[in-house]
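Residues per chain, in single letters:
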Amino acid sequence: MKLTFLGANHEVTGSCTLLEAAGQRYLIDCGMEQGKDVYENQPFPVAPGEIDGVLVTHAHIDHTGQLPLLVRNGFRGRIYATKPTAQLCSIMLRDSAHIQEFEAEWKNRKAKRAGAEPVEPMYTVQDAEAAMQLFRGMEYNTKIELAPGLVIRFIDVGHLLGSSSIEIWVTESGTTTKLVFSGDIGNREQPIIRNPQYITEADYVVTESTYGDRLHDMSQDPDYTGDLAKIIDETLGKGGNVIIPSFAVGRTQELLYFIREMKEEGLVKSVPDFKVYVDSPLAGEATRIFSGDLHGYLDEEAIEALKGGALFQFPSLCITESTDESRALNTDKTPKVIISASGMCDAGRIRHHLKHNLWRPECTIVFVGFQAEGSLGRRLVNGAEKVKLFGEEIAVRARIVNYHGLSAHADRDGLLRWMEAYQPKPQHVFVVHGESQVTEAYAQTLRDYGFQAHSPNYEEVYDLLADRMLAPGVVLQPKAPEALPGSASPAFRRLEDVGQRLMQVIARNRGGTNKDLGKFADQIRALIDKWDR
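Residues numbered from 1 in each chain as written. Predicted model: local features only at pLDDT ≥ 70, side-chain atom pairs only at ≥ 80, totals over all residues. Heavy atoms only, no water.

> Honestly, the nonpolar core in this entry has me stumped. Any pointers?
Nonpolar side chains tend to gather and get buried jointly when the protein is soluble and globular. Ranked by internal contacts, the top residues of the largest apolar core, which has 109 residues, are Leu27 and Ile168. Broken down by element, this core gets its largest block of residues, seven residues, from helix H3 (residues 83-114). With residues near it in sequence (within four places) discarded, Leu27 still touches Leu6, Cys16, Thr17, Leu18, Phe44, Ile51, Gly53, Val54, Leu55 and Leu70. By size, the runner-up hydrophobic cluster in this structure holds 20 residues, among which are Leu415, Met419, Leu446 and Ala453. (Core = buried A, V, L, I, M, F, W, Y, C linked by side-chain atoms within 4.5 Å. Buried < 20%, exposed > 50% of the residue type's maximum accessible area, 1.4 Å probe, protein only. Helix = DSSP H or I, 4+ residues; strand = E, 2+ residues; numbered from the N terminus. Contact = heavy atoms within 4.5 Å.)

See the structure below:
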């Protein structure tokens, strides 16, 4: 009975863990790397055809994005998830496949002109559709026997519609061992979905740590609708646009829920009938799923709202489908709210809207989710004064708002509340799904609270019966940037050496005062802005 860690180890994306127990091999999640400063998607150490099944905690691509690749390479087992997760995966995996095909087509046009070999997409829409045929939709709180000696149950974890922690009971030689995979633990008092449910017993726990080193501003019960209405009112009153980078699934639907409430209550005085544009076809499809029969998955307020009609419908809501409709938004001078993907601003239509609005001081850019290290969103939140979009340098004069309280992830105290529900404490806790310094910090916090905990490396193997590590795994190196034409000059190699030394100096300054670290960051940012061509 052992675990092998295959993703989201000392990083936030690419969740994947292999459980070998009761004569079976199951993956828990099968996610894709995302963001700019990422590690390479690694090959599976086990032949996909030898994997018996996959357990999916929720639909986000960093937990499901490699499922079509798994099928493409020979996997034919079953994929277990809650029913809403299966529904959301049907649109998200097809959308991801479209992106893979589009990027391969774009690269092949360039390769053809350069006389290079064509490339294959990671997977195709056909692969995504084949993966969907393997899904089995399950209800919360129902035990399912996967094989003799292997039983699972999905528990609501309050992160996304259908999201779950997964309890696993393994019985070997008459002894039963219980594992729990946290999935992404939700923030409290989110709209639409319920608060995370707590689990009280486990021998081993694999827990996420996205916000394991910080707190949300939750000193009082959040007034999401009122706070967002104030931002919209002030911005539209100045003649500006409110631009909200948002993930198409989950966060966009929450925003529409708030905006429906603020319109019903008349909270925006400057432009009461303001228009709201959801500029994402994927968000439109997801919203239709969120509007279906979801009793057993929604919170009480959402169920009451459903009785009065659609959760997300209100006057002046427009969902744009075509690229022409999207472009037209930036020639229309009417103050408006634009919600568009991607949430970290590294791809999608949001980049066009940023290009046309970042330089306008009357506009506001509202961030409502986690911004990964290296993403454009992180740079804007951190105070970049200029950014490059489509080869053009854009001054950042718009107001930048980082709406911490709206995060779908629990903060450090929320994660600790979830862990402290276990009585007695588990034998061991594995900390994953967090930036490297965060996983280490949260593992130390857990040890300070009396837990046995560590953050595993990629390909670490752990024997659950003996409660010991069998193989320490490896530290993955970040993906190298694409090679530039020609060999690097001595001056460029010197610049690379200096860059590596800079990273070492940054690491040695961990624990410095906020004043010193802020000054250091400002100096580095000034150099970046000067030389980012």
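> Honestly, empty space enclosed by the protein in this entry has me stumped. Any pointers?
Remark: the empty space left among the atoms is shown by a probe the size of a water molecule rolled over them. Taken as a whole and judged by the stated rule, the model has five cavities of 30 Å³ or more. Reported here for the largest cavity is a volume of approximately 150 Å³. Along the wall of the largest cavity there are 17 residues; nearest its centre are Ser15, Asp29, Phe181, Val206 and Val432. Elements that contribute at least two residues to the lining of the largest cavity include exactly strand S2 (16-21), strand S3 (24-30) and strand S11 (204-208). Sort the elements by how many residues they give to the lining of the largest cavity and S11 lands first, with three residues. In terms of residue class, the lining of the largest cavity is built from six nonpolar, eight polar and three charged. (1 Å grid on protein atoms, 1.4 Å probe; cavity = no way out; pocket = protein on both sides within 12 Å on 5 of 7 lines; lining within 4 Å. Points joined across faces, edges and corners; volume = space filled by probe spheres on them. Nonpolar A, V, L, I, M, F, W, Y, C, P; charged D, E, K, R; others polar.)

> In this structure, what is going on with the sheet that holds strand S6 (residues 135-138)? I would like to understand it.
One key point about sheets: their strands pair by backbone hydrogen bonds, in either a parallel or an antiparallel sense. Reading across the sheet, the eight strands line up as S6-S5-S4-S3-S2-S1-S22-S23 and stay open at both edges, with mixed pairing between neighbours. The sheet is open, and its two borders are formed by S6 and strand S23 (468-471), each paired with just one other strand. If you compare each strand with its neighbour and ignore which way they point, the axes differ by 25° on average. Relative to strand S22 (residues 461-463), strand S1 (residues 2-7) runs antiparallel, the two sharing three bridges. Paired with Leu3 across the two strands is Tyr462, which belongs to S22. Set on the sheet, H3 makes contact with strand S5 (78-82) and S6; between it and S5 the angle comes to about 115°. (Pairing = 2+ DSSP bridges. Axes fitted to C-alpha atoms, helices over the stretch in contact; angles between N-to-C directions.)

> Any chance you could explain the pattern of salt bridges here in plain terms?
Between side chains of opposite charge, a pair can form as their charged atoms come close. All chains considered together, the criterion is met by 23 salt bridges. Residue Arg194 pairs with Asp156 through a salt bridge whose shortest N-O separation is 3.0 Å. Separated by 38 residues along the polypeptide, Arg194 in the loop between strand S10 (175-181) and S11 and Asp156 in strand S8 (residues 150-156) bring together distant segments of the chain. Judged by its relative accessible area of 27%, Arg194 is partly exposed. Note that Arg349 and Asp279 form a salt bridge whose closest N and O atoms lie 2.7 Å from each other. Of this pair, Arg349 sits in the loop between strand S15 (336-340) and helix H10 (350-357) while Asp279 is found in strand S13 (residues 275-279), placing the two residues 70 residues apart along the sequence. Classification of Arg349 by relative accessible area gives buried; the value is 16%. Looking at Asp279, the relative accessible area reads 1%, which means it is buried. (Salt bridge = Lys/Arg side-chain N within 4 Å of Asp/Glu carboxyl O.)

> Hey, could you run me through helix H15 (residues 514-531) in this one?
With 18 residues, H15 ought to run about 26 Å at 1.5 Å a step, and its terminal C-alpha atoms sit 26 Å apart, in line with that. Its side-chain oxygen at 3.1 Å from the backbone nitrogen of Asp516, Thr513 defines the N-terminal cap of H15. (Expected span 1.5 Å × (residues − 1). Polar contact = N/O pair within 3.5 Å; in protein donor to acceptor, adjacent residues only side chain to side chain.)

> Looking at this model, I keep getting lost on the packing of helix H12 (residues 412-420) against helix H13 (residues 436-448). Mind explaining?
Relative orientation and spacing of two packed helices are given, respectively, by the angle between their axes and the distance between those axes. One can describe the packing of H12 onto H13 by two numbers: an axis separation of 12 Å at closest approach and a directional angle of 45°. Relative to H13, H12 is oriented oblique. Considering the relative orientation of H12 and H13, their crossing is right-handed. The residues of H13 that touch H12, namely those facing Leu415, Leu416 and Met419, are Tyr442, Thr445 and Leu446. Residues that form the contact of H12 with H13 fall into these classes: five nonpolar, one polar and no charged. (Parallel < 35°, antiparallel > 145°, perpendicular 65-115°, else oblique. Left-handed = near helix turned anticlockwise from the far one by under 90°.)

> What exactly am I supposed to notice about a nonpolar patch on the surface here?
On the surface, Leu502, Met503 and Ile506 cluster together into a nonpolar patch covering about 250 Å² of accessible area. Locating Ile506 in the fold gives a position in helix H14 (residues 490-508). (Patch = residues over 30% accessible without salt bridge, like charges linked within 9 Å, V, L, I, M, F, W, Y side chains within 5 Å. Areas by Shrake-Rupley, 256 points an atom, 1.4 Å probe, with all protein chains shown as cover.)

> Is there a simple way to think about unusual backbone geometry in this case?
A negative phi angle is the norm for most residues apart from glycine, just as the trans form is the norm for most peptide bonds. Across the junction of Ala341 and Ser342, the peptide omega takes the value 5°, indicating a cis bond. By secondary structure assignment, the location of Ser342 is in the loop between S15 and H10. For the bond from Gln423 to Pro424, the omega torsion is 0°, close enough to zero to count as cis. Here Pro424 shows up in the loop between H12 and strand S20 (428-432). The phi dihedral of Asp29 falls on the positive side, at around 65°, and the residue is not glycine. Here Asp29 is to be found in strand S3.

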